[in-house]
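What the coordinates show
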Amino acid sequence: MTGTVLVINSGSSSIKYQLLEPATGTVHASGLLERIGEGVDAPLHHTAGDTVHDTTVYATDHSSGLRAVLGAFAEIGPDLGDVGIAAVGHRVVQGGDTFSGPVLIDDEVIDAIDSYSPLAPLHNPGNVAGIRVARELLPSVPHVAVFDTAFFANLPDDAATYAIDTDVASSYGIRRYGAHGTSHEFVAKAVAEHLRRDDLKQIVLHLGNGASASAVDSGRAVDTSMGLTPLEGLVMGTRTGDIDPAVVFHLSRVAGMEIDEIDALLNRRSGLKGMTGQNDMRAVRQMAADGDERAVLALAVYTHRLRKYVGAYAAVLGGLDVIAFTAGVGENSAETRAEVLRPLAFLGVELDEAANAARGDGIRRLTTEGSAVTALVVPTNEELEIARLAIDLARD
Ligand code: ADP
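Residues numbered from 1 in each chain as written. Predicted model: local features only at pLDDT ≥ 70, side-chain atom pairs only at ≥ 80, totals over all residues. Heavy atoms only, no water.

What follows is about the overall build of the protein. Summing up its helical and strand segments, the protein has 16 helices and 14 strands in all. Considering the protein as a whole, with its 396 residues, one finds that 49% of them fall into the buried category. Long-range contacts, defined here as pairs at least 24 residues apart, represent 62% of the contacts in the protein between residues at least 6 apart. For the protein, the distance from the average site of its 31 positive side-chain charges to the average site of its 53 negative ones is 5 Å. (Helix = DSSP H or I, 4+ residues; strand = E, 2+ residues; numbered from the N terminus. Buried < 20%, exposed > 50% of the residue type's maximum accessible area, 1.4 Å probe, protein only. Contact = heavy atoms within 4.5 Å. Lys, Arg positive; Asp, Glu negative; His and termini not counted. Charge placed at Lys NZ, Arg CZ, Asp CG, Glu CD.)

Right under this line is the structure:
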């Protein structure tokens, strides 16, 4: 696994990147370019070792954007020529039915990723643009696509299938694809290594701005909360999660809302933000502490949904060994973890309140030694997972 990897996460108007060593996890440089193609000076934040470089660049599209990023490497360092990149790993959101693992990128792969753009209109077009430019600018290095959906590509049919007309489903590719798969896979593998067991029944809770749960049996994903798109499932920063689809008909017929308006309402103005005006968990917690009743209710809805998924997935798995918390809220909010775990004593969860309240790096146990179910905090690292997968494939 030796060799340096450049990981690129190219969004619709941003490029996030990291230059790292998959063998050790050492990060040589990282950065974020935003507001590509918005007709304004695009802010570029580049960090290399102790040097933090903030500037604005000319980035009318992904091509000029990535040129600016490579310019930052040339100017601030590290020099990519000296480093000798062994692979470029690209995060791709939607891999549809085609990709159940990482692939070396060629023209056909790009076309296939592009063909899934209707399923991820906010993400795949940006991913494709980034891949095209990166291949052009770094032509002698293998480029690897790592898919957010891959870990869930082989969900059992009963979990992946929506109960709608089969012809409609197959004509329009309607099934559960999931998302955040790279994080769920990274965490599930880290737990198995940490506990030195491959036969674990795990529930992984990725609680960031977007949030998702997965049920993992002996390393294989058997269910996940995100569906055709990342809108389904848990309550999120700005997304509803599960909702009766008839709400959409009601808003259209009774409120006279257009479909794009409803899309924006459910994806961008719902969840914690819709209920409280704030999408950030810290802000919502502060509001609740100050006595804001909307925030108190929003937190109750948030944790109720989480407990519901934990109960459902314990049933799907037919038992439970581990609950793993990850991402911004999962790693940092002891209150959220306690609110989920305290009522689960009946499942064999014995929370260690002091351990849960303690801060720390790395994997941490939240339950007592005697607890039948082990709850853990497992810091996620999607970039490292992408780099590992990319170098493995590039070296084959
Ligand atoms: P993204 O999905 O954007 O990658 P993150 O994984 O960074 O999101 O998570 C962002 C969320 O984590 C925000 O809601 C933020 O409030 C929350 N968070 C970060 N630190 C804390 C903390 N100390 N306590 C509670 N919530 C936190």
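Attention shifts here to helix 4 (residues 124–137). Look at helix 4: 20 Å from first C-alpha to last across 14 residues, which is about the 20 Å you get at 1.5 Å a residue. Taken residue by residue, helix 4 has Asn 124, Gly 126, Asn 127, Val 128, Gly 130, Ile 131, Val 133 and Ala 134 as its buried positions. For helix 4, the secondary structure elements touched by its buried residues are strand 1 (4–10), helix 1 (62–76), strand 6 (85–92), helix 3 (107–115) and strand 8 (143–147). (Expected span 1.5 Å × (residues − 1).)

Take the domain arrangement of the protein next. In terms of domains, the protein is made up of domain 1 (4–147) and domain 2 (196–382). The gap between the C-alpha centroids of domain 1 and domain 2 is 29 Å. (Domains from an automatic or database assignment.)

Turning next to the nonpolar core. Counting 41 residues, the largest nonpolar core has Leu 205, Leu 207, Tyr 302, Ile 323, Phe 325 and Leu 341 as the members making the most contacts within it. Mapped by element, the contributors of at least two residues to this core are strand 9 (201–207), strand 10 (211–217), helix 11 (281–289), helix 12 (293–317), strand 12 (322–326), helix 14 (334–341) and strand 14 (374–377). Sort the elements by how many residues they give to this core and helix 12 lands first, with 10 residues. Excluding residues within four positions of it along the chain, Tyr 302 makes contact with Leu 207, Val 235, Leu 272, Met 281, Val 329 and Thr 336. (Core = buried A, V, L, I, M, F, W, Y, C linked by side-chain atoms within 4.5 Å.)

Secondary-structure assignment places Ser 214 in strand 10. A relative accessible area of 0% means that Ser 214 is categorised as buried. A polar contact is formed between the side chain of Ser 214 and the side chain of His 184, at a distance of 2.7 Å. Once residues lying within four places of it in the same chain are set aside, the contact partners of Ser 214 are Phe 152, His 184, Gln 202, Ile 203, Val 204, Asp 223, Thr 224 and Tyr 313. (Polar contact = N/O pair within 3.5 Å; in protein donor to acceptor, adjacent residues only side chain to side chain.)

With mixed pairing, six strands are arranged side by side in an open sheet as 11-10-9-12-14-13. The outermost strands of the open sheet, each flanked by one partner alone, are strand 11 (220–224) and strand 13 (364–365). Bridging between strand 12 and strand 14 involves four bridges; their strand directions are parallel. Within the sheet, the bridge partner assigned to Ala 324 lies in strand 14 and is Leu 376. (Pairing = 2+ DSSP bridges.)

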